[in-house]
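Read off the chains here:
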Amino acid sequence: EQTQTLPEAPEDLERLALTMSGIDRVYALQAGRELRVHVHENQVDDLRAAQLSSELAEKISDSLVFPGQIKVTVIRELTAVAIAN
């Protein structure tokens, strides 16, 4: 049986998210009420990004006890740069 604990700090959410593959950076915002997850755009496609947000929300619910809700946002960003001379 898994022991559930209250998140002591927003860093607990960040550590939990970083256990999943394809994740680049994680930021817990608003005292842990929101989690923003940046993924590697070459490793995670749009469909997987949507699945990842649901999987992370479920993993948080299963692993931690917390009052209220935590919003999980997965960001997959493509940056294209060209230089004209």
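No experiment lies behind these values; they were computed from the predicted model shown.

K.L.:
Sorry if this is basic, but what is going on with the pairing of strand β3 (residues 71-76) here?
P.N.:
Both faces of the sheet carry side chains from a regular strand, because those side chains alternate between them. Where strand β2 (residues 34-39) lies against β3, 6 bridges are found, and the strand directions are parallel. By the bridge assignment, L35 is partnered in β3 with V72. Between the parallel elements β2 and β3, the chain passes through helix α2 (residues 46-63) in a crossover that is right-handed.

K.L.:
Explain the sheet that holds strand β1 (residues 23-29) to me, please; I cannot follow it from the model alone.
P.N.:
Strands in a sheet are paired, the pairing made by backbone hydrogen bonds, and the direction either parallel or antiparallel. A sheet is described by the order of its strands in space; here 3 strands give the open sequence β1-β2-β3, paired in mixed fashion. Of all strands in the sheet, those with a lone pairing partner are β1 and β3, marking the two edges. With direction set aside, neighbouring strand axes in the sheet form an average angle of 20 degrees. Judged from the 6 bridges that link them, β1 and β2 form a sheet pairing that is antiparallel. Across the sheet, the residue bridging to Y27 is R36, located in β2. Running at roughly 160 degrees to β1, helix α1 (residues 10-17) makes contact with β1 and β2 of the sheet. Along the sheet face, α2 touches β1, β2 and β3 and points at about 155 degrees away from the line of β3.

K.L.:
Sorry if this is basic, but what is going on with the nonpolar core here?
P.N.:
Soluble globular proteins: nonpolar side chains tend toward being buried together. Formed by 19 residues in total, the largest nonpolar core has its most connected members in I23, L35, V37, V39, L52, L56 and I60. For this core, the secondary-structure elements that each account for two or more residues are α1, β1, β2, α2 and β3. Per element, the largest residue contribution to this core is 4 residues, and it comes from α2. Beyond its immediate sequence surroundings of up to four residues, L52 is in contact with M20, I23, V39 and V74.

K.L.:
What am I meant to see in α1 here?
P.N.:
An α-helix turns once per 3.6 residues; consequently, residues spaced three or four apart project the same way. Among the residues making up α1, those that are buried are D12, L13, L16 and A17. Looking straight down α1, one finds its buried side chains confined to an arc of 130 degrees; they lie on one side.

K.L.:
What is the right way to read the pattern of salt bridges from this model?
P.N.:
Opposite charge on two side chains lets them pair, provided their charged atoms get close. Inspection of every chain in the model, using the stated rule, returns 6 salt bridges. Taking the shortest distance from any N to any O, the salt bridge between R25 and D24 comes out at 2.9 Å. In this structure, E34 engages R36 in a salt bridge whose closest nitrogen and oxygen atoms are separated by 2.9 Å. On the basis of relative accessibility, which here comes to 33%, the residue R36 falls in the partly exposed class. A cluster of three or more residues bridged by salt bridges with shared partners is formed by E41, D46 and R76.

About the criteria used
- Residues numbered from 1 in each chain as written.
- Predicted model: local features only at pLDDT ≥ 70, side-chain atom pairs only at ≥ 80, totals over all residues.
- Heavy atoms only, no water.
- Pairing = 2+ DSSP bridges.
- Helix = DSSP H or I, 4+ residues; strand = E, 2+ residues; numbered from the N terminus.
- Right-handed = clockwise from strand over helix to strand, strands pointing away.
- Axes fitted to C-alpha atoms, helices over the stretch in contact; angles between N-to-C directions.
- Contact = heavy atoms within 4.5 Å.
- Core = buried A, V, L, I, M, F, W, Y, C linked by side-chain atoms within 4.5 Å.
- Buried < 20%, exposed > 50% of the residue type's maximum accessible area, 1.4 Å probe, protein only.
- Arc of directions from axis to C-beta.
- Salt bridge = Lys/Arg side-chain N within 4 Å of Asp/Glu carboxyl O.

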